[in-house]
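Below, each chain spelled out in residue letters.
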Amino acid sequence: MSLYLAGTFRTKEAAVQAIRELRASGYGPGDLTVFSDEPAEFPRGVLDRPSHMSLAVVLGAVVFFVLVVAFVYFTQYNYKLVTGGMPIFSFWPAGVVFFEMTMLGAILMAFGWFIWESGLLRRDKSVPVPAIEPELICLRVRCAAEQFETIAAALENAGARNVGKLA
Amino acid sequence: MAPAPIPYHQVRDDLWRPLKGASKRYTLTLALLSAVALWGLIAWGYQIRVGIGVAGIRRPVFWGFYLVDFVFWIGISHAGTLISAILRLTDADWRKPVTRAAEAITVFALMIGGLFPLIHLGRVWLFYWLFPYPNSRLLWPNFRSPLMWDVTAISTYLTGSVIFLYLPLIPDVAQLAEHARGWRLRLYKVLALGWTGSDREWHALERAMKLMAGIILAVAVSVHSVVAWDFAMAIAPMWHSTIFAPYFVVGAIFSGLAGLIVALTIVRKTMRLESYLTPHHFGNLAKLLLLMSLLWLYFTFAEHLTVWYGNEPKEMSVFGARVSGRFSPEFWAMVVVNFVVPFVLLGIRRLRSIRTAAIASIGVLAGMWLERYLIIVPTLSMPRLSAAWGRYSPSWVEISITLATFAAMAALYLVFAKIFPIVSVWEFEPHTQEEE
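All of these numbers come straight from a predicted model, not from anything done at the bench.

Let us now look at the overall build of chain B. In terms of regular secondary structure, chain B is built from 16 helices and zero strands. A compact globule built from 436 residues should have a C-alpha radius of gyration of about 22 Å, and chain B, at 23 Å, falls within 12% of that. Residues counted as buried form 48% of the 436 residues belonging to chain B. Nonlocal contacts in chain B, meaning residues at least 24 apart in sequence, comprise 81% of its contacts between residues at least 6 apart.

Attention now moves to the interface of chain A and chain B. Opposite the 43 residues of chain A that make contact, chain B presents 43 residues. Those elements giving two or more residues to the side of chain A that touches chain B turn out to be β2 (32-35), α2 (53-78) and α3 (95-118) of chain A. Considering every element that reaches the side of chain A that touches chain B, the biggest residue donor is α3 of chain A, with 14 residues. When grouped by side-chain class, the residues that make up the side of chain A that touches chain B number 27 nonpolar, nine polar and seven charged.

Moving on, we get to the domain arrangement of chain A. You can read the domains of chain A as domain 1 (2-50 + 126-165) and domain 2 (53-118). Spacing between the C-alpha centres of domain 1 of chain A and domain 2 of chain A amounts to 45 Å.

Residue and element names in this part refer to chain A. Residues of helix α4 (residues 148-157) that are buried: Ile151, Ala154 and Leu155. For α4, the arc enclosing every buried residue in end-on projection is 100 degrees, short of the 170-degree limit, so these residues lie on one face. Of the exposed residues in α4, those oriented more than 90 degrees away from the buried face are Glu149, Ala153 and Asn157. At its buried positions, α4 is contacted by β1 (2-9), α1 (12-24), β3 (137-144) and β4 (161-165). Just downstream of α4 lies Gly159, where phi reads positive at about 110 degrees.

Residues and elements named next belong to chain A. With respect to topology, four strands assemble into an open sheet ordered β2-β3-β1-β4, the strand pairing being antiparallel. For this open sheet the edge positions go to β2 and β4, each flanked by a neighbour on one side alone. Here the average twist between neighbouring strands, direction ignored, is 15 degrees. Contacts from α1 reach β1, β2 and β3, with the element oriented near 15 degrees to β3.

Looking now at unusual backbone geometry. The amide bond that connects Arg59 of chain B to the next residue, Pro60 of chain B, takes the cis arrangement and shows omega of 0 degrees. Here Pro60 of chain B lies in the loop between α2 (24-50) and α3 (65-76). Positive phi is not limited to glycine here, since Glu135 of chain A has a value of about 65 degrees. Along the chain, the position of Glu135 of chain A falls in the loop between α3 and β3. According to the C-beta neighbour criterion, Glu135 of chain A is partly exposed, with 14 such atoms within 10 Å. The residue Arg272 of chain B is not glycine, and still its phi comes out positive at about 50 degrees. Note on placement: Arg272 of chain B falls in the loop between α11 (244-270) and α12 (279-310). Accessibility expressed as a C-beta count within 10 Å gives 12 for Arg272 of chain B, which makes it exposed.

With that out of the way, let us pick up the pairing of β1 of chain A. All names here are of chain A. Across eight bridges, the pairing between β1 and β3 is antiparallel. Bridging across to β3, Thr8 finds its partner in Cys138. Pairing of β1 with β4, which is carried by three bridges, proceeds in the antiparallel orientation. Bridged to Ala6 within β4 is Gly164.

A few words on the nonpolar core. Counting 159 residues, the largest nonpolar core has Ala110 of chain A together with Ala101, Ile105, Leu257, Leu260, Ile261 and Leu289 of chain B as the members making the most contacts within it. For this core, the leading source of residues is helix α10 (residues 199-232) of chain B, giving 17 residues. Beyond its immediate sequence surroundings of up to four residues, Ala101 of chain B is in contact with Leu260, Ala263, Leu264, Val267 and Ile422 of chain B. Counting 22 residues, the second largest nonpolar core, distinct from the first, contains Phe9, Ala15, Ala18 and Ile132 of chain A.

Definitions and cut-offs
Residues numbered from 1 in each chain as written. Chains lettered and ligands numbered in written order. Predicted model: local features only at pLDDT ≥ 70, side-chain atom pairs only at ≥ 80, totals over all residues. Helix = DSSP H or I, 4+ residues; strand = E, 2+ residues; numbered from the N terminus. Rg over C-alpha atoms; globule rule 2.2 N^0.38 Å. Buried ≥ 20, exposed ≤ 12 C-beta atoms within 10 Å, placed from the backbone. Contact = placed C-beta atoms within 7 Å. Nonpolar A, V, L, I, M, F, W, Y, C, P; charged D, E, K, R; others polar. Domains from an automatic or database assignment. Arc of directions from axis to C-beta. Pairing = 2+ DSSP bridges. Axes fitted to C-alpha atoms, helices over the stretch in contact; angles between N-to-C directions. Core = buried A, V, L, I, M, F, W, Y, C linked by C-beta atoms within 7 Å.

Shown next as structure tokens:
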């Protein structure tokens, strides 16, 4: 059975040291979560969170572009204009509409992906969240119950305060 | 010597203080602004009931104050998103206390600017004809029409701007939710989306903001280019110009900056945020304003020089009316407030201060409104067929609606500043506060 424990750090360096030690003991980024009231940026390799947001945004833009071109094409042929065989769909004069809708796709995908990647709306409510004190960094660790003492000692060695089990 | 850093709890207290209660002066100001906005709504209601004839627009000037206001407010909307996006992308640290104030201006200015095509419609209840749906004759909107370009551009920009304002607001409302009660608690909890402050959330937020800044920059430039093309696509004297799009974009950033400086000056004074919105921030914004003033002058000069040198009779009629004819008082007033005043007040270091930046900005706002008037009305008054020339004078309905939009903008801003911190708390870094 796994449980959660947390420790509070005054400095980012101390938190980095604790994370490095835990990573060396086999804990992955999925077991470790840092909480802070402002973004805490760590050196590369400490607690990387790979992201596909840029790719998703490009994909959103491409999908909206294809959809809007298809839509405009469909609407212009939907009314049976007698044109003597001349084409009635023209790409460039509708270029602004295509551009804006492409951008709308990118915007909506950026927002949607942010919600997904941050895990905001799909957070497991049973996982405890520590209270964040201003200007402090809190590290939450998921570990097996029998590992509790070892992890708590590792956090304290790295300079953590108020180390304890999260209810 | 650098000032001592402000402790975090004090930053939070100072920036949250304006959210608590409402002073008598605040309530009175809001009531007055709401009354003016309501008067504008009544005037619009009167126009809807009686017909568009109650406005001063008639042949040959079918675009009057409403279109001037439309272009003006869309220009003001470039305050936030564009400025904030540029400063975010360039990692300009000094931007942090000013971005939210700027982004809020964008959203409200767009909401107001987006109303004008509806006000101008006359039969406003038929506005849904602009939506792409098949009517009984299977006729869809004409996507090649600049009117449809406006609809798509403004919808995209508004959607993007609201998200751009909302994303960095999430950590702040999450903190506010911990200390709020009643309706505020419910509102903040919904808006916070369950934010906990985890590194996963921060990473996603920072990535999203970077990407949004890039996207919104492209959209903002396109929106004002589209507004410019509403004019430039017509073969009308002094409209059919290849530089109209960049000219409008420059003008939009110029007026947006001026709007931002005015708003920040008021916010700083009324909410006692002197420690957060420092002369350093105003100095940087003033320098940007001066730069935009010079760019605006360059574009205005280039636009008028080519017309004058070309000496095409129809174009020269409008040129003459602007520069030395019946529109010349407005034209030269525009040049004075858009260039001479900012150049003197902001260009001379000794004169540059928060007060002079605010004075110059108020002048620029007036000047940019005049510029939009001078682009629209003289050209429409003097079409290519001289027998069709006419005059335009706005009616009380147009004047009321115009004034009401300014009041509505101020009222919306006041309400926003009462509900959300106008300076982003989590982005404000007391340890890196700049030296004044």
